Structures are given as C-alpha cells and as structure tokens.
Amino acid sequence: MEFLEQTKEQILPHYVIIAIDASTKPETNLESSREAPGITETISAMTDIQLHRFNATTHGLIEKWQEDYTAMTAKMMGVEVQTYLINISLSDLAVDDETRHRFLNDIPTSFTLDEAQVDALIEEGEANC
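Source: prediction; values computed, not measured. (Residues numbered from 1 in each chain as written. Predicted model: local features only at pLDDT ≥ 70, side-chain atom pairs only at ≥ 80, totals over all residues. Heavy atoms only, no water.)

Participant: Looking at this structure, I do not really get the packing of aromatic side chains. What am I missing?
Facilitator: When we look at a pair of aromatic rings, we describe it by the centre distance and by the angle of the planes. Tallying each qualifying case throughout the model produces two aromatic pairs. Their ring planes at 90° and their centres at 5.4 Å tell us that tyrosine 15 and tyrosine 69 sit as a pair that is edge-to-face. Linking tyrosine 15 in strand S1 (residues 14–21) with tyrosine 69 in helix H2 (residues 39–77), this pair joins segments that are 54 residues apart in sequence. Between tryptophan 65 and tyrosine 69 the ring centres are 4.9 Å apart and the planes differ by 10°, which places this aromatic pair in the stacked class. Here the residue tryptophan 65 and the residue tyrosine 69 both occupy positions in helix H2, the gap between them amounting to four residues, near one helical turn. Taking the relative accessible area as the measure of exposure, tryptophan 65 reaches 29% and is therefore partly exposed. Take tyrosine 69: its relative accessible area is 1%, and that puts it in the buried class. Three or more aromatic residues joined by ring pairs make a cluster, and in this case those are Tyr15, Trp65 and Tyr69. (Phe/Tyr/Trp six-rings, centres within 6.5 Å; stacked < 30°, edge-to-face > 60°. Helix = DSSP H or I, 4+ residues; strand = E, 2+ residues; numbered from the N terminus. Buried < 20%, exposed > 50% of the residue type's maximum accessible area, 1.4 Å probe, protein only.)

In structure tokens, the structure reads:
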C-alpha cells in the first residue's frame, strides 16, 4: 500500500521486475563417498539449500505483489497496470562448452571471487544479452 501511495501521482501502465538468481548447483561427491563430509562441504550444502528456498520464496512474493498491485491500481485508481517478471539465472544460460559450464556452475555465491571468476561471469552475461 505504501508503494501505491508513493506512486499515485505517476502510475505507469507497465512495470518490469528483474530477478537475478545467483545460486549455482555445484557438483559434489557427498552422495558417492563413504567418508563423512567435512565442515566446509556440510555448510556449503546447507547454504545452497537455504539459498534455493529463499529464491523460491522471493519469487512467490514478487508474484503476489504483482497480483495485489494490479488489483489495487485498477480498483482504487481505475488504472490498468501490467507487470512483467524477468528471471535471470546462470542455470538458464546456453553454455555449449561443458567444461566452461561446470566452471561457471562451480563459482560459489560469495562476496569474494577471484579475477578469473568475475571475468567469466561478465563474459557469459554479455554473451547472453
């Protein structure tokens, strides 16, 4: 409702929401080893699960907001608004080279990436624009 009040003077007919999914699906040996996983592997697996759940929850909230905002603007202001959700995900990129795909997929979700990882992500993003 606050967003609606802030924008009532300038309701636009179209809104685009871009959601970027930075999660990856790194390959692990957890299920194929008899050895107990180390703390790093365990925390990584738990973090990945939480990130995927958070992404799904966020996506659901965005879809609900789209429905609510469209209904509110139509009812309260008589304005037909359309919202568009664009999902961008590394898993959706068309990477033909399996080695490169594996390299990109194994890049952790982290605030500290090395230069090669950053360069590879930028190149892939530019190639898929």
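Additional details are given in the paragraphs that follow.
Participant: What exactly am I supposed to notice about the pattern of salt bridges here?
Facilitator: Evaluated as defined, the whole model comprises two salt bridges. Between arginine 100 and glutamate 123 there is a salt bridge; the shortest N-O distance is 3.4 Å. Taken as a pair, arginine 100 in helix H3 (residues 98–105) and glutamate 123 in helix H4 (residues 115–127) lie far apart in primary sequence, 23 residues in all. With a relative accessible area of 25%, arginine 100 lands in the partly exposed category. (Salt bridge = Lys/Arg side-chain N within 4 Å of Asp/Glu carboxyl O.)

Participant: What is the right way to look at the side chain of threonine 83 in this model?
Facilitator: By secondary structure assignment, the location of threonine 83 is in strand S2 (residues 82–89). Of note is the side chain of threonine 83, whose polar atom sits 2.9 Å from the side chain of glutamine 66. Each residue touching threonine 83, except ones within four places of it in the same chain, is listed here: Tyr15, Trp65, Gln66 and Thr70. (Polar contact = N/O pair within 3.5 Å; in protein donor to acceptor, adjacent residues only side chain to side chain. Contact = heavy atoms within 4.5 Å.)

Participant: Would you explain the packing of H3 against H4 in this entry?
Facilitator: Each pair of packed helices can be described by the angle between their axes along with the distance between the axes. Relative to each other, H3 and H4 sit at 115°, their axes nearing to 10 Å. Our pair here, H3 against H4, has a crossing hand that is left-handed. Every residue of H4 that contacts H3 at Arg100, Phe103 and Leu104 is listed here: Ala116, Gln117, Ala120, Leu121, Glu123 and Glu124. When the residues that make up the contact of H3 with H4 are grouped by side-chain class, the tally is five nonpolar, one polar and three charged. (Axes fitted to C-alpha atoms, helices over the stretch in contact; angles between N-to-C directions. Left-handed = near helix turned anticlockwise from the far one by under 90°. Nonpolar A, V, L, I, M, F, W, Y, C, P; charged D, E, K, R; others polar.)

Participant: What is the right way to look at the environment of tyrosine 84 in this model?
Facilitator: By the secondary structure assignment, tyrosine 84 is in strand S2. For tyrosine 84, a relative accessible area of 35% corresponds to the partly exposed category. Placed 68 residues apart in sequence, tyrosine 84 and valine 16 show a C-alpha to C-alpha distance of 4.8 Å. Tyrosine 84 has contacts with His14, Tyr15, Val16, Ile17 and Gln66, leaving out every residue within four places of it along the chain.

Participant: How should H4 be read in this particular structure?
Facilitator: The periodicity of an α-helix, 3.6 residues per turn, causes residues three or four places apart in sequence to face the same way. Taking 1.5 Å of rise per residue, the 13 residues of H4 would be expected to cover 18 Å, and the 18 Å separating its terminal C-alpha atoms lies within 8% of that figure. All buried positions along H4 are accounted for by Gln117, Ala120 and Glu124. One side of H4 holds all its buried residues, which, seen down the axis, span an arc of 65°. In H4, the exposed residues that point more than 90 degrees away from the buried face are Glu115 and Glu126. Backbone nitrogen of alanine 116 and a side-chain oxygen of the N-cap are separated by 3.1 Å at the start of H4; the cap is aspartate 114. (Expected span 1.5 Å × (residues − 1). Arc of directions from axis to C-beta.)

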